[in-house]
Amino acid sequence: MAESGDVYRLLVEQSPVGIVVTDVEGRITKVNPSALETLGSPSEEATRQFNVLTMPNLRQAGVSAVFERVLRDNCVERLQTSYSSVSS
């Protein structure tokens, strides 16, 4: 039987939904493959240069406001975007 951490990791990695984890400053620390595709990033390592609070395209699309609210209120929100990729 798989450990719960293994199951969680597998669910996140295979999810068709982009999952982004940030630190309290908005810097991306973990992403799954779906999020990499949405961000237009070649690798998780490359996303470490991104900050969800300051990326111009994310700010323009209203995504940064959602992250600001999540970080401020320590909550989880579902975000649906209508674009396929963004750039910093």
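Each chain has its residues counted from 1, running along the sequence as written. Residue-level local features of this predicted model are given only where pLDDT is at least 70; pairs of side-chain atoms are given and counted only at 80 or more, and the full residue set underlies all totals for whole chains, interfaces and linings. Hydrogens are left out, water is left out, and the side-chain values use all remaining heavy atoms of the structure.

Re the overall build of the protein chain
Link 1 in the chain: Secondary structure elements follow DSSP: runs of H or I no shorter than four residues count as helices, runs of E no shorter than two count as strands, and numbering proceeds from the N terminus. Within the protein chain, the secondary structure is distributed over five helices and two strands.
Link 2 in the chain: Along the protein chain, from the amino end to the carboxyl end, the secondary structure elements read α-β-β-α-α-α-α.
Link 3 in the chain: Exposure classes here rest on a 1.4 Å probe applied to the protein chains alone. A residue is buried below 20% of its type maximum, exposed above 50%, and partly exposed in between. Looking at the protein chain as a whole, 28% of its 88 residues are labelled buried.
Link 4 in the chain: Only heavy atoms matter for contacts: two residues are in contact if any of them lie within 4.5 Å across the pair. Contacts in the protein chain between residues at least 24 apart in sequence constitute 35% of all its contacts with a sequence separation of at least 6.
Link 5 in the chain: Here the accessible surface of atoms and residues is derived via Shrake-Rupley with a 1.4 Å probe, and residues count as covered only by protein chains that are part of the display. About 6100 Å² of surface is accessible on the protein chain, with carbon and sulfur atoms providing 51% of the total.

Some details on the pattern of salt bridges
Link 1 in the chain: Each salt bridge in this description consists of a side-chain nitrogen of Lys or Arg and a carboxyl oxygen of Asp or Glu lying within 4 Å of one another. Inspection of every chain in the model, using the stated rule, returns seven salt bridges.
Link 2 in the chain: Residue Arg27 is joined to Asp23 by a salt bridge in which the shortest nitrogen-to-oxygen separation is 2.8 Å.
Link 3 in the chain: On the basis of relative accessible area, Arg27 is assigned to the partly exposed category, the value being 41%.
Link 4 in the chain: Here the salt bridges share partners, and the residues they tie into one network are Lys30, Glu44, Glu45 and Arg48.

Description of unusual backbone geometry
Link 1 in the chain: Phi at Asn74 is positive, roughly 55°, even though this residue is not glycine.
Link 2 in the chain: You can call Asn74 exposed: its relative accessible area is 73%.

As for the nonpolar core
Link 1 in the chain: Nonpolar cores were defined as sets of buried Ala, Val, Leu, Ile, Met, Phe, Trp, Tyr and Cys residues, with membership established by side-chain atoms within 4.5 Å. Counting 12 residues, the largest nonpolar core is built from Ile28, Val31, Ala35, Leu36, Leu39, Phe50, Val52, Leu53, Met55, Leu58, Val63 and Phe67.
Link 2 in the chain: Among the elements of the structure, β2 (28-31), α2 (33-39) and α5 (63-73) are those that each provide at least two residues to this core.
Link 3 in the chain: Here this core takes three residues from α2, the largest share from any one element.

Considering the pairing of β2
Link 1 in the chain: As paired elements, strand β1 (residues 20-22) and β2 share three bridges and run antiparallel to each other. Paired with Val20 across the strands is Val31, a residue of β2.
Link 2 in the chain: Between β1 and β2, which follow one another and run antiparallel, lie five residues, and Gly26 among them has a positive phi close to 95°. When DSSP finds two or more bridges between two strands, those strands count as paired.

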